[in-house]
Structure formats: C-alpha cells, structure tokens
Amino acid sequence: MSAQPDVESSSASDAHEGGFRPTFDVSTERGGPNYGKFVGQVREFMDRVRAALPSAELTDELLADLKSMNAKLVDFETDEWTSPSGTRIDLPARGNITLPPYDIVDAGPDGVDATITFTRFNLGGNGAAHGGFVALLFDDLGGMAAALNIEGICRTAYLKIDYRSLTPLNSELAVRCWVDRVEGRKVYVRGTLHEGDRLCAEMDALFIKLKPGQP
Ligand SMILES: CCCCCCCCCCCCCC(=O)SCCNC(=O)CCNC(=O)[C@H](O)C(C)(C)COP(=O)(O)OP(=O)(O)OC[C@H]1O[C@@H](n2cnc3c(N)ncnc32)[C@H](O)[C@@H]1OP(=O)(O)O
C-alpha cells in the first residue's frame, strides 16, 4: 500500500455549493478489494497494446472482447467524486488510470515525494518517456503539494517543464514537489524528477487557490 497524504475527507452528504469541492470523499473500498488488481490489468493492457503488432484475427478477437467488457461497465457509471479511479487513496495515483501510477513515499505541507516507473504506454520516442506524461505527473503532484501546503484546492495557472535529460522507461524514478512561496492565493511550486543522481526534468508552476464556489 502506498503512503498517502493526510487529507480531510467529507461525507457524500456534505453540502456542496457548486464549485470545485474543497474536500475529497476518499476511499479504500470502492470497487472492492481487487480494484487495484483490476486497474493493474488495465494498465498492463495499455502497455501491451502500445507494444503489440497483433494479427488481423487477434485484433478482431480483442475488439469483440473489449466491446463485451465496455458493455458490462455501461450501467455502472458514476461521477468523478465517487469513482474509485481517482479516490482510492490506497492505490498508486489514487487508482486514477489517467495518471502515471506514481507511489507516494511521503506527503505533507513540506512537499510530496513519490516514485514513478514509466512503461511502454508512456513511450514518447526512441525509448524515452513522452514529455506530456512528465508534465502530467508534475501537474498532479505539484497540485497535491500546493493543496497540502495551503489546505485548499488549487488550479494550475501555469506549468513550465525544463527537460534536462531523457526520461527513461522501466526504471524507478524519484519525483519531488514542494512549495517555493505563497503570495495571497498564488502558490508557487517547484519540482524535480531524477533517475538516481541524474536530473531528468524540473518544474516551475503557479497554482491558484480557488475561492469558495469557484469551478
Ligand atoms: C485524495 C487526496 C488528493 C489530495 C490532493 C489532490 C491533488 C489533485 C491535484 C490535481 C492538480 C491538477 C490541476 C489541474 O490540472 S487544473 C486544470 C488546468 N488549469 C486550469 O484549467 C485553470 C484555468 N484557469 C483558471 O481557471 C483561472 O485562470 C485561474 C483559476 C487559474 C485564475 O483565475 P482567478 O480568477 O481565480 O484568479 P486571477 O485571474 O484573479 O489571478 C489571481 C492571481 O494570479 C495571477 N495569475 C493568474 N494566472 C496567471 C498566469 N498564468 N501567470 C502568472 N500569473 C497568473 C494573476 O495575475 C493574479 O495575480 P495578482 O493580481 O493577485 O497578483
């Protein structure tokens, strides 16, 4: 199980005024005890699709399987606040399949430390990770660092990434995000991504604390 930030959780019945919710109704149970394995299989499938050259017959077979699986999920759609993909804090990246599956090592007002292993699904070109996935990783963990520092929800105003050296696949990387300074609602966040001692990328970002009711 990943270490997770200690965030306030709200009950689903809490009054909500229409803005970005200031609290997350987090869970370790939604989707059942095997939900993490399920997400793991989805991620493995995405890796395998990215890597495969299927025969025409296999493509047809998988297409039929996927249609069948999608049909099974149709009646189970829920909103973003109660989907386990995003609120299961016991899973890598809160079980959010949109995000690279980072593991939180430590998280609090002083910053967020995590590990990430990019895989074939995250391929950019010639063996290196796609820069967009690096930015996605920094946006989420930078947003988390900002939220934990100011105890409020923020949105990204800008996110600047300096790609200092190639970000590899299939190697555990260390990512750190921390608040550099706070000026009113403006939260300036920095970040680094390392393979061992080698700096792969750096982040310089501004997050804005949302006002009550702000979307
Ligand atoms: C389960 C546990 C989970 C816990 C953690 C969950 C983490 C989840 C993390 C998820 C993370 C994912 C996050 C995402 O992906 S969020 C998705 C990506 N971001 C957006 O879509 C944001 C779109 N933009 C807006 O909504 C508004 O523009 C915002 C809200 C950002 C500001 O509009 P607002 O009307 O509110 O404020 P303001 O305009 O008065 O500006 C206020 C101040 O800021 C300064 N300013 C503004 N923009 C810029 C700029 N570009 N460069 C420099 N400065 C800028 C501005 O000059 C002013 O300064 P000052 O005059 O006061 O000095």
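What counts and what doesn't
Residues numbered from 1 in each chain as written. Predicted model: local features only at pLDDT ≥ 70, side-chain atom pairs only at ≥ 80, totals over all residues. Heavy atoms only, no water. Near = heavy atom within 4 Å. Polar contact = N/O pair within 3.5 Å; in protein donor to acceptor, adjacent residues only side chain to side chain. Areas by Shrake-Rupley, 256 points an atom, 1.4 Å probe, with all protein chains shown as cover. Helix = DSSP H or I, 4+ residues; strand = E, 2+ residues; numbered from the N terminus. Contact = heavy atoms within 4.5 Å. Core = buried A, V, L, I, M, F, W, Y, C linked by side-chain atoms within 4.5 Å. Buried < 20%, exposed > 50% of the residue type's maximum accessible area, 1.4 Å probe, protein only. Pairing = 2+ DSSP bridges. Axes fitted to C-alpha atoms, helices over the stretch in contact; angles between N-to-C directions. Patch = residues over 30% accessible without salt bridge, like charges linked within 9 Å, V, L, I, M, F, W, Y side chains within 5 Å. Salt bridge = Lys/Arg side-chain N within 4 Å of Asp/Glu carboxyl O. UniProt positions renumbered as here; feature names shortened; annotations may be inferred. Phe/Tyr/Trp six-rings, centres within 6.5 Å; stacked < 30°, edge-to-face > 60°.

**Quick word on the site of the ligand**
Taken together, 17 residues lie around the ligand, and Asp139, Thr156, Arg185, Lys186 and Gln214 are the ones closest in. Between Thr156 and the ligand, the recorded distance is 3.0 Å, taken from a backbone N or O atom to a nitrogen atom. For the ligand, an oxygen atom lies 2.7 Å from a polar atom in the side chain of Lys186. The fraction of the free accessible surface of the ligand (1300 Å²) that becomes covered by protein chains is 56%. Looking at the shell around the ligand, the elements that each hand over two or more residues are α4 (131–150), β5 (154–163) and β8 (198–209).

**Points about the side chain of Thr167**
For Thr167, the location among the structural elements is in the loop between β5 and β6 (173–183). Those residues in contact with Thr167, other than ones at most four positions away along the chain, are Phe118, Ala128, Ala129, Val134, Leu173, Leu193 and Cys200.

**Overview of the nonpolar core**
In globular proteins that are soluble, nonpolar side chains generally tend to be buried together. If you look at the biggest cluster of nonpolar residues, it comprises 36 residues, and the most contacted ones within it are Tyr102, Phe118, Phe138, Leu141, Val189 and Leu193. Put simply, the parts of the chain that give this core at least two residues each are β2 (111–116), α4, β5, β6, β7 (186–195) and β8. With 11 residues, the single largest contributor to this core is α4.

**Examining the sheet that holds β7**
Judged by pairing direction, the sheet is antiparallel, and its six strands sit side by side in the order β1-β2-β6-β7-β8-β5 without closing on themselves. The open sheet has two free edges, formed respectively by β1 (103–108) and β5, since each of these has just one partner strand. For this sheet, the mean angle separating the axes of adjacent strands, direction not counted, is 15°. Alignment of β1 against β2, held across five bridges, turns out to be antiparallel. Paired with Asp106 across the bridge in β2 is Asp113. Contacts from α4 reach β1, β2, β5, β6, β7 and β8 within the one sheet, and its direction differs from that of β5 by about 135°.

**Some words on a nonpolar patch on the surface**
Where nonpolar side chains cluster on the molecular surface, the patch consists of Phe45, Val49, Leu66 and Met69 and spans about 330 Å² of accessible area. Looking at the nonpolar patch, the elements that each hand over two or more residues are α1 (35–51) and α2 (56–73). With respect to the element layout, Val49 can be found in helix α1.

**Considering the UniProt feature "domain: Thioesterase" (unreviewed entry) in the protein chain**
Taken from the UniProt record, the annotation "domain: Thioesterase" (unreviewed entry) applies to residues 126–198. Counting secondary structure, residues 126–198 comes out at 27% helix and 47% strand; the distance between its end C-alpha atoms is 19 Å.

**Here we look at the packing of aromatic side chains**
Aromatic rings in a pair are described by how distant their centres are and how their planes are angled relative to each other. All chains considered together, the criterion is met by two aromatic pairs. Relative to Phe38, the ring of Tyr35 has its centre 5.6 Å away and its plane inclined at 55°; by these criteria the two rings are tilted. Here the residue Tyr35 and the residue Phe38 both occupy positions in helix α1, the gap between them amounting to three residues, near one helical turn. Here Phe121 and Phe133 contribute two aromatic rings whose centre-to-centre distance is 5.6 Å and whose plane-to-plane angle is 55°, an arrangement assigned as tilted.

**Notes on the environment of Asp90**
Here Asp90 is to be found in the loop between α3 (84–87) and β1. Taking the C-alpha atoms as reference points, Asp90 and Ser27, 63 residues apart in sequence, are found 7.9 Å from one another. A polar atom in the side chain of Asp90 sits 2.8 Å from the side chain of Arg88.

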